[in-house]
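# Structural features, examined
What follows is the residue order along each chain.
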Amino acid sequence: MSEKSSNKRRVAGSYFMSLMSITLVLFLLGVFALLMMHAQSLSNHIRENIGFEIVMNSNVKESSILRLQKELDAMPAVKSTEYITKDEAIRRLSDDLGEDFLQWIGNEENPLLPSIDVRFNAAYTHPDSLAIIEEQLAGNKNIKEIYYQKSLVDLINQNVSRIGLALMVAALVLLIIAITLIRNAIRLQVYSNRFLVRSMQLVGATPAFIRRPFIRNGISQGFFGALLADLLLALMLYGLTKRITELYYIQDLRIVVGIFISIIVLGILLGGLSTRLALRKYLHADIDRLYM
């Protein structure tokens, strides 16, 4: 009786350790996936704050400016536009200076010109795309000047590309490490049941019959480990969002849900496949190798 209890405790212990290993590995993988998501969202947020300031000629009618704004809004590259009148330009300049700008010009006509601020979707904020749009707008006789910081655009795109490449390499390395650790955790559990496999073989059980309960067990470990990992990720994300409210505005709920579902699918696949691969060794092993 004591030997059976000892075996049960040993099996339960190996199951628990394997489950915790899977949970922690999938949790770390999920943390990195969320980090990549937030990095991409932040990158898009920065890119979408890149735009043109289209300065209009002083004699342009407001109806022509509004028509141009409407044409810009219809472009797939444009995320938003804002028409800034001469009076609005004066008000903003006064706010920036901290004093009334009008008192310095007296009775002179407002020297500031009306303009349209244009913000682009992230996919169109590459230098080549912006150059094409600038060239298209340059033919408009109502436009005096198109201004944007070309050097800043180049710098942002270079840094985003470098960071994206580094994150992709790190994600690949982490995925390989995660697969290796989960395989080793399940292999250790299968190792603790190697004599059970041999006993089943001795009574004439087929390989498929032997594999079935072990694979079910591996899938359940992967599934419950993934659920625990998702729970930890949800708690972490909730706590961070409460502390850093800005995170709420750069989160994409669909991507977050996709990450959670992907972790569950990955846990199930790794649990089942790793168990099948680990069993292959003991299904074809000699009796002497069971003690190694």
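See the structure above.
Let me sum up the structure you'll find in this document. Not measured: the values here are computed from a predicted model. (Residues numbered from 1 in each chain as written. Predicted model: local features only at pLDDT ≥ 70, side-chain atom pairs only at ≥ 80, totals over all residues. Heavy atoms only, no water.)

Counting its secondary structure elements, the chain contains 10 helices and 4 strands. Taking all 292 residues of the chain together, the buried fraction comes to 36%. Within the chain, residue pairs in contact and separated by at least 24 positions form 82% of the contacts whose partners lie at least 6 positions apart. (Helix = DSSP H or I, 4+ residues; strand = E, 2+ residues; numbered from the N terminus. Buried < 20%, exposed > 50% of the residue type's maximum accessible area, 1.4 Å probe, protein only. Contact = heavy atoms within 4.5 Å.)

Moving on: the side chain of Arg47. Mapping Arg47 onto the fold places it in helix α1 (residues 2-47). Lacking a salt bridge, the buried Arg47 has Glu48 as its closest oppositely charged neighbour, with an N-O distance of 8.7 Å. Within polar-contact distance, the side chain of Arg47 engages the side chain of Thr125 at 3.3 Å. With residues up to four places along the chain from it excluded, the contact list for Arg47 reads Phe120, Ala122, Thr125, His126, Asn157 and Val160. (Lys, Arg positive; Asp, Glu negative; His and termini not counted. Salt bridge = Lys/Arg side-chain N within 4 Å of Asp/Glu carboxyl O. Polar contact = N/O pair within 3.5 Å; in protein donor to acceptor, adjacent residues only side chain to side chain.)

The 4 strands are arranged β2-β3-β1-β4 in an open sheet whose pairing can be described as antiparallel. What marks the edges here is a single partner per strand, and that holds for β2 (78-84) and β4 (143-147). The average angle at which neighbouring strand axes cross in this sheet is 20°, direction not considered. Bridge analysis of strand β1 (residues 51-56) against strand β3 (residues 115-120) gives 5 bridges, and the strand direction is antiparallel. Following the sheet pairing, Phe52 is matched in β3 by Val118. Relative to β2, helix α2 (residues 62-73) is tilted by about 165°, and along the sheet it contacts β1, β2, β3 and β4. Together, β1, β3 and β4 form the strand contacts of helix α5 (residues 127-138), whose direction differs from that of β1 by roughly 15°. (Pairing = 2+ DSSP bridges. Axes fitted to C-alpha atoms, helices over the stretch in contact; angles between N-to-C directions.)

This part takes up α5. The end-to-end C-alpha separation of α5 is 16 Å, in line with the 16 Å expected for 12 residues at 1.5 Å each. Here α5 has its buried residues at Leu130, Ile133, Glu134 and Leu137. In a view along the axis of α5, the buried residues occupy a sector of 100°, so they form one face of it. Within α5, the exposed residues directed more than 90 degrees away from the buried face are Asp128, Glu135 and Gln136. (Expected span 1.5 Å × (residues − 1). Arc of directions from axis to C-beta.)

Judged by side-chain polarity, Leu253, Val257, Ile261, Val265, Leu269 and Leu273 come together as a nonpolar surface patch covering roughly 570 Å² of accessible area. Mapped onto the fold, Val265 is located in helix α10 (residues 253-283). Since its relative accessible area comes to 43%, Val265 is described here as partly exposed. (Patch = residues over 30% accessible without salt bridge, like charges linked within 9 Å, V, L, I, M, F, W, Y side chains within 5 Å. Areas by Shrake-Rupley, 256 points an atom, 1.4 Å probe, with all protein chains shown as cover.)

Of the volumes computed, that of the largest pocket is approximately 300 Å³. What lines the largest pocket is a set of 13 residues, and nearest its centre among them are Ala39, Gln40, Ser43, Val160 and Ile163. For the lining of the largest pocket, the secondary-structure elements that each account for two or more residues are α1 and α6 (150-192). Residue contributions to the lining of the largest pocket peak at 7 residues, all from α6. Split by residue class, the lining of the largest pocket holds 9 nonpolar, 4 polar and no charged. (1 Å grid on protein atoms, 1.4 Å probe; cavity = no way out; pocket = protein on both sides within 12 Å on 5 of 7 lines; lining within 4 Å. Points joined across faces, edges and corners; volume = space filled by probe spheres on them. Nonpolar A, V, L, I, M, F, W, Y, C, P; charged D, E, K, R; others polar.)

This part is about the nonpolar core. Counting 22 residues, the largest nonpolar core has Phe52, Ile54, Val118, Phe120 and Leu137 as its most contacted members. For Val118, the residues in contact, after removing those within four places along its chain, are Ile50, Gly51, Phe52, Ile54, Leu72, Val78, Ser80 and Thr81. With 19 residues, the next largest nonpolar core counts Phe27, Met37, Ala226 and Val256 among its residues. (Core = buried A, V, L, I, M, F, W, Y, C linked by side-chain atoms within 4.5 Å.)

Taken across its 6 residues, β1 has 5 buried, putting it largely inside the fold. As paired elements, β1 and β4 share 4 bridges and run antiparallel to each other. Note that in β4 the partner of Met56 across the bridge is Ile143.

On to the environment of His126, then. Relative to the helices and strands, His126 resides in the loop between β3 and α5. A C-alpha to C-alpha distance of 8.9 Å links His126 and Arg47, two positions 79 residues apart in sequence. Those residues within four positions of His126 in sequence are excluded, and the remaining contacts are Arg47 and Asn157.

Under the defined criterion, the tally for this structure stands at 1 salt bridge. A salt bridge links Glu48 to Lys79; its shortest N-O distance comes to 2.7 Å. With Glu48 in the loop between α1 and β1 and Lys79 in strand β2, this pair connects stretches of sequence that are 31 residues apart.

By themselves these figures say nothing about function.
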